[in-house]
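Chain by chain, the residues:
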Amino acid sequence: KLRAMSRIVKNFLQIFNIFLIIFLTGCAAQRYHTSSETVPSAEPLPALSADFGWPLDGRLVHSFGSREGGVTLKGIVIHGSEGQEVRAASEGLAVYVDDSLRGYGKTVVLEHAAGWSTVYARSSEILVGIGERVRRGQPIARIGRGGKGAVPQIYFEVRRDAKPVDPSRVLK
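Bear in mind that the values here come from a model prediction, so they are computed numbers and not experimental data.

(A) Spotlight on the overall build of the protein chain. Across its full length, the protein chain holds 1 helix and 12 strands. In sequence order, the secondary structure elements of the protein chain are arranged as α-β-β-β-β-β-β-β-β-β-β-β-β. For the protein chain, the proportion of its 172 residues judged to be buried stands at 42%. Pairs at least 24 apart in sequence give 63% of the contacts found in the protein chain among residues at least 6 apart. Carbon together with sulfur atoms contributes 54% to the accessible area of the protein chain, which is approximately 8800 Å² in total.

(B) The pairing of strand E7 (residues 106-111), seen in detail. Of all the 6 residues making up E7, 5 are buried; the element is thus mostly covered by neighbouring parts of the structure. Across 5 bridges, strand E6 (residues 92-98) lies against E7 in antiparallel orientation. Directly across from Tyr96, in E7, lies its bridge partner Val109. As paired elements, E7 and strand E8 (residues 116-126) share 5 bridges and run antiparallel to each other. Bridged to Val108 within E8 is Tyr120. Between E7 and E8, which follow one another and run antiparallel, lie 4 residues, and Ala114 among them has a positive phi close to 60°.

(C) A look at the packing of aromatic side chains. A full pass over the atoms with the stated rule returns 2 aromatic pairs. Arranged with centres 5.2 Å apart and planes meeting at 55°, the rings of Tyr120 and Phe156 form a pair that is tilted. In this pair, Tyr120 sits in strand E8 while Phe156 sits in strand E11 (residues 151-160), placing the two residues 36 residues apart along the sequence. Here Tyr120 and Phe156 have matching classes, each one buried.

(D) Structural view of the confidence of the model for the protein chain. This prediction gives the protein chain a mean pLDDT of 78; 69% of its residues lie at or above 70. At the low end of the mean pLDDT range in the protein chain sits helix H1 (residues 2-29), at 55; at the high end sits strand E5 (residues 85-87), at 97. Here residues 28-48 is a poorly scored stretch, pLDDT under 50, and it has 46 contacts once near neighbours within four places are set aside; other chains count.

(E) Quick peek at the pattern of salt bridges. The final tally for this structure, using the stated rule, is 5 salt bridges. Measuring nitrogen to oxygen at the nearest pair gives 3.2 Å for the salt bridge that ties Glu125 to Arg142. Of this pair, Glu125 sits in strand E8 while Arg142 sits in strand E10 (residues 139-146), placing them 17 residues apart in sequence. Overall, Glu125 belongs to the partly exposed group, its relative accessible area being 36%. The closest approach of N and O atoms between Arg159 and Glu157, which form a salt bridge, is 2.7 Å. Comparing Arg159 with Glu157, the two get one shared label, buried.

Each value, and the rule that gives it
Residues numbered from 1 in each chain as written. Predicted model: local features only at pLDDT ≥ 70, side-chain atom pairs only at ≥ 80, totals over all residues. Heavy atoms only, no water. Helix = DSSP H or I, 4+ residues; strand = E, 2+ residues; numbered from the N terminus. Buried < 20%, exposed > 50% of the residue type's maximum accessible area, 1.4 Å probe, protein only. Contact = heavy atoms within 4.5 Å. Areas by Shrake-Rupley, 256 points an atom, 1.4 Å probe, with all protein chains shown as cover. Pairing = 2+ DSSP bridges. Phe/Tyr/Trp six-rings, centres within 6.5 Å; stacked < 30°, edge-to-face > 60°. pLDDT = per-residue confidence, 0-100. Salt bridge = Lys/Arg side-chain N within 4 Å of Asp/Glu carboxyl O.

Given below as structure tokens:
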């Protein structure tokens, strides 16, 4: 009975974290930060076609829609080397930089043009600040250990108007 209850609580927390990511990327599209602080206004981002660079040179181990820890992934998991730099997939604005999302570790959310946003989770170190403008390929974090097995990895999502998009459709 205790094991079943523990599994229910664990599944609830994982689902809650997914909804929180959806909320955060929705806030990014509206240019708000989740605290009382708002993202400083900046010049508009240049138009963006669906063309993002890979955030990390590594091995794809979980694809969009696969299951990890009983949860269907809305992004991908890439294994790399401890401390390896995680790069911005496209020019954007850091609208969320924090480590308060249980199960996601240190997380960066970048807002891009035309309603696009990207999520970079399970980092060991964040290299950008809230409201910072980044260019494509700029280091924004360092890879950390997360998920089962504690292998150095990054969890990466692409969203359009707060809805998950399969990264394989837009990564070049």
